[in-house]
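Here are the chains, one letter per residue:
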Amino acid sequence: MADRRPGEAAETGLELAGELRELLAELAGRPELRTADFGLPLFGTGIGLDSLTGTLLLREVHRRYGVDVAAEDLNLDALASLASLASFIETRRG
Amino acid sequence: MVWDVDHTLLDGVFLEADGEPPGADPAMVAVLAELSGRGILHAIASRNPPAAAEHVARVTGAAFVAAECGWDAKSDAIGRIADTLGIGTDAIAFVDDDPYERAEVSFARPEVMVLAPEEMTSAPGWPEFSPAVVTAEAARRSLLYLDRQRRQAAEREFGGSREEFLRWCQTEITIGPAAVADADRLAELSARTHQFNSAARALPAAGFAELIRAGETTGSRHAAGPAGPMRVGEVADPRPAVRLMGPTKAGEAAGPRPATGSAEAMAAGGVQSAAGDTARVLAVRLRDRFGDDGLVGTCVTEAGPDGWTVTLLAMSCRAMGRGVIDALLAWLIGAAARAGVRELAIPAILTPRNVPLRLALAAAGFRASEAESAGEPGAAGEPGQKRAVFRRSVDAGAAADSAGAIGAGGEAAGETPAPGEAAGSG
């Protein structure tokens, strides 16, 4: 494995958050989410993630990145925001 | 039931026919009709063009809630059918005359019951296909799934968000005390739902009936007329309308009978064990412009010294994505706040299948401190099964918060607590 350039982790994190945002917008059927802030809360008044969209999102995350968020995160804190979900995935997929 | 077409439902091969495709196998037509009447759904998995499914529906006269026509593995077709219907593949039986197809499905999906057509003539006599009670919801299940297909098709066409779609559908969620007549359906929900089910064990109809009767006796003094109907157009919040049935004070209606006596006395008197005395059973009903889903959910709450415990929460997967679980949780929080209760606790098993429940709990602000393994006496679940108690403190603000979260239903139904009442519960 080549050494990582400084800042590479942050870049991949951003890239991943961008992918997750695209995915969320698609699954929720809400194109306006494509420009949502990465730090916006996913639950509640922020993005208002419902359990159907959340389930589809976690299933797709498991399929694409091999990270089973529900199995590892009892309270689903990883779903606080797109940024936190990206960092949760990033630290686990190695 | 997922059915093959050629030499299974049809008396021949769809594509090999010269002129008219073959007719239906009369023995299978009888089985289709018998099982439909018991609430068992039928679907098609066929290596044929989609026209084959239309032909089969025509010649058998049966309603098929899903059809997968194509040339990939039947085990994949079964997976897509389960996804479409929102059910687990372990609830599926597969019928095919081709031993190769049966072997493929058995290997790829061992949880699926795999059958040959000749076995199907005796299948209606088997316990797997013989529910003890066929509820009104079960007998109409095929139609409800067809409503669901029309709703999903409309949602794909719809331009706006899911909340806007639900509002356009005139989604109406009714939450109120369950009646004894609901017991069979409540038992069915507790046994058959998985994605929004908090418990590992089903509660039988007799158990529900007992809880409901006890609640009716002790709770009769709280009886009041149902809240008035709400029109969605009046709702400022673009969420589905929630109609609250029963007593006008939600805290008294929804929750367990308000505790009498001191906390010490209740702890000593075994309030938890005397469930019949304090438990309340809620029934959640759902309808919209596409159809009436009837009773789709339930929860059982018990009053304890520290707050209310939801000992069972079960919701049909048909209610998924329609704002029902969120409305129920918001309503429980509001009811608890108005009753001056400090904490709501929802013990839940942790399975890969009830992740939707955990998402709803997280969205409603519930948290569990840590997962534990069940196994101690009285704990829900099988030994070794993981469970956790999801808790949420209830403060004065929760009453107001939940009124907003359930689509201003509280206000329309006269539910808004008086300022003094709200302040007093904090």
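Worth saying up front: this structure is predicted, and the values here are computed from it rather than measured. (Residues numbered from 1 in each chain as written. Chains lettered and ligands numbered in written order. Predicted model: local features only at pLDDT ≥ 70, side-chain atom pairs only at ≥ 80, totals over all residues. Heavy atoms only, no water.)

### Quick notes on the overall build of chain A
Of the regular secondary structure elements, chain A holds four helices and zero strands. Taking as baseline every contact in chain A between residues at least 6 positions apart, the subset at least 24 positions apart corresponds to 53%. Accessible surface for chain A amounts to roughly 4900 Å². Of this, 53% is attributable to carbon and sulfur atoms. (Helix = DSSP H or I, 4+ residues; strand = E, 2+ residues; numbered from the N terminus. Contact = heavy atoms within 4.5 Å. Areas by Shrake-Rupley, 256 points an atom, 1.4 Å probe, with all protein chains shown as cover.)

### Notes on the packing of helix H4 (residues 74-85) of chain B against helix H8 (residues 141-157) of chain B
Residue and element names in this part refer to chain B. The N-to-C vectors of H4 and H8 enclose an angle of 85°; their axes lie 11 Å apart at closest approach. Here H4 lies roughly perpendicular to H8, going by the angle between them. Along the contact surface, H4 presents Asp83, Thr84 and Leu85, while H8 presents Tyr145, Arg148 and Gln152. Broken down by class, the residue content of the contact of H4 with H8 amounts to two nonpolar, two polar and two charged. (Axes fitted to C-alpha atoms, helices over the stretch in contact; angles between N-to-C directions. Parallel < 35°, antiparallel > 145°, perpendicular 65-115°, else oblique. Nonpolar A, V, L, I, M, F, W, Y, C, P; charged D, E, K, R; others polar.)

### Considerations on the confidence of the model for chain B
Residue and element names in this part refer to chain B. Per-residue confidence for chain B averages 78 on the pLDDT scale, and 75% of its residues sit at or above 70. Scored below 50 in pLDDT, residues 245-277 shows 73 contacts in the model against residues more than four places distant or in partner chains. Note that residues 402-426 has pLDDT below 50 and, in this model, 44 contacts with residues that lie over four places away or in other chains. Per the prediction output, this complex has pTM 0.73; the corresponding ipTM is 0.89. (pLDDT = per-residue confidence, 0-100.)

### Focus on the interface of chain B and chain A
Across the boundary between the two partners, chain B contributes 24 residues, which contact 20 residues of chain A. Taken together, the two surfaces of chain B and chain A that pack against each other cover about 1700 Å², and 57% of this comes from carbon and sulfur. When the buried area of chain B at its contact with chain A is split by residue, Arg162(B), Arg358(B) and Leu359(B) rank highest and sum to 37% of it. The interface formed by chain B and chain A includes two salt bridges. Elements with a contribution of two residues or more to the side of chain B that touches chain A: helix H16 (355-363), strand S13 (367-368) and strand S15 (386-393) of chain B. In terms of residues, the side of chain B that touches chain A owes the most to one element, H16(B), which gives seven residues. Among the residues making up the side of chain B that touches chain A, the classes are represented as 15 nonpolar, four polar and five charged. (Buried area = accessible area lost by both parts, 1.4 Å probe. Salt bridge = Lys/Arg side-chain N within 4 Å of Asp/Glu carboxyl O.)

### Regarding the pairing of strand S3 (residues 64-69) of chain B
All names here are of chain B. Relative to S3, strand S2 (residues 42-46) is paired through five bridges, and the arrangement is parallel. Across the sheet, the residue bridging to Ile44 is Ala67, located in S3. A crossover connection joins S2 to the parallel S3 through helix H3 (residues 51-60); in handedness this β-α-β unit is right-handed. (Pairing = 2+ DSSP bridges. Right-handed = clockwise from strand over helix to strand, strands pointing away.)

### Quick look at the sheet that holds strand S4 (residues 93-95) of chain B
Residue and element names in this part refer to chain B. The strand order across the open sheet formed by five strands is S3-S2-S1-S4-S5, and the pairing between neighbours is parallel. Edge positions in the sheet fall to S3 and strand S5 (113-115), since each has one partner strand and no second. Sheet strands in contact with H4 are strand S1 (2-3), S2, S3 and S4, and its direction is about 150° off that of S2.

### Looking at the nonpolar core
All names here are of chain B. Residues Leu313, Leu329, Leu344, Phe366 and Phe390 are the most contacted members of the largest nonpolar core, which totals 41 residues. If you list the elements that add at least two residues to this core, you get strand S6 (172-177), strand S9 (280-288), strand S10 (291-304), strand S11 (307-315), helix H15 (324-338), strand S12 (343-349), H16 and S15. Broken down by element, this core gets its largest block of residues, 11 residues, from H15. Dropping the residues within four chain positions of it, Leu344 is found in contact with Trp308, Val310, Leu332, Ile333, Ala336, Phe366, Phe390, Arg391, Arg392 and Val394. (Core = buried A, V, L, I, M, F, W, Y, C linked by side-chain atoms within 4.5 Å. Buried < 20%, exposed > 50% of the residue type's maximum accessible area, 1.4 Å probe, protein only.)

### Thoughts on the side chain of Thr298(B)
Residue and element names in this part refer to chain B. Following the sequence through the fold, Thr298 ends up in strand S10. Using a relative accessible area of 0% as the deciding quantity, one classes Thr298 as buried. Reaching out from Thr298, the side chain makes a polar contact with the backbone oxygen of Leu282 at a distance of 2.7 Å. Discounting chain neighbours no more than four positions away, the residues touching Thr298 are Leu186, Leu189, Phe208, Val281, Leu282, Leu312, Leu313 and Ala314. (Polar contact = N/O pair within 3.5 Å; in protein donor to acceptor, adjacent residues only side chain to side chain.)

### Describing the environment of Ala108(B)
Residue and element names in this part refer to chain B. In this fold, Ala108 is placed in helix H5 (residues 99-108). Under the relative-accessibility criterion, Ala108 is labelled partly exposed at 41%. For the pair Ala108 and Ala73, spaced 35 residues apart in the sequence, the C-alpha separation amounts to 9.5 Å.

### Here we look at the packing of aromatic side chains
A complete count under the given rule lists five aromatic pairs over all chains for this structure. Note on Phe158(B) and Phe165(B): the rings are 5.3 Å apart at their centroids and 70° apart in plane angle, and the pair reads as edge-to-face. Residue Phe158(B) is classed as partly exposed on the basis of its relative accessible area of 24%. Given the relative accessible area of 2%, Phe165(B) is considered buried. Judged by centre distance (5.7 Å) and plane angle (40°), the rings of Phe158(B) and Trp168(B) are tilted. Taken together, the residues Phe158(B) in the loop between H8 and helix H9 (162-168) and Trp168(B) in helix H9 connect sequence positions 10 residues apart. Above the face of the Phe88(A) ring, Arg92(A) is positioned so that its terminal group lies 3.7 Å from the ring centre. Over the face of the ring belonging to Trp168(B) we find Arg289(B), whose NZ or CZ atom lies 4.1 Å from the ring centre. (Phe/Tyr/Trp six-rings, centres within 6.5 Å; stacked < 30°, edge-to-face > 60°. Lys NZ or Arg CZ within 6 Å of the ring centre and 35° of its normal.)

### Focus: the pattern of salt bridges
Within this structure, the stated rule accounts for 27 salt bridges over all chains. With a closest N to O distance of 3.6 Å, Arg93(A) and Glu90(A) form a salt bridge. Of the two residues, Arg93(A) and Glu90(A) both sit in helix H4 (residues 82-93), three residues apart, roughly one turn of that helix. Relative accessible area serves as the criterion here: at 39%, Arg93(A) is assigned to the partly exposed category. A salt bridge links Arg151(B) to Asp288(B); its shortest N-O distance comes to 2.7 Å.

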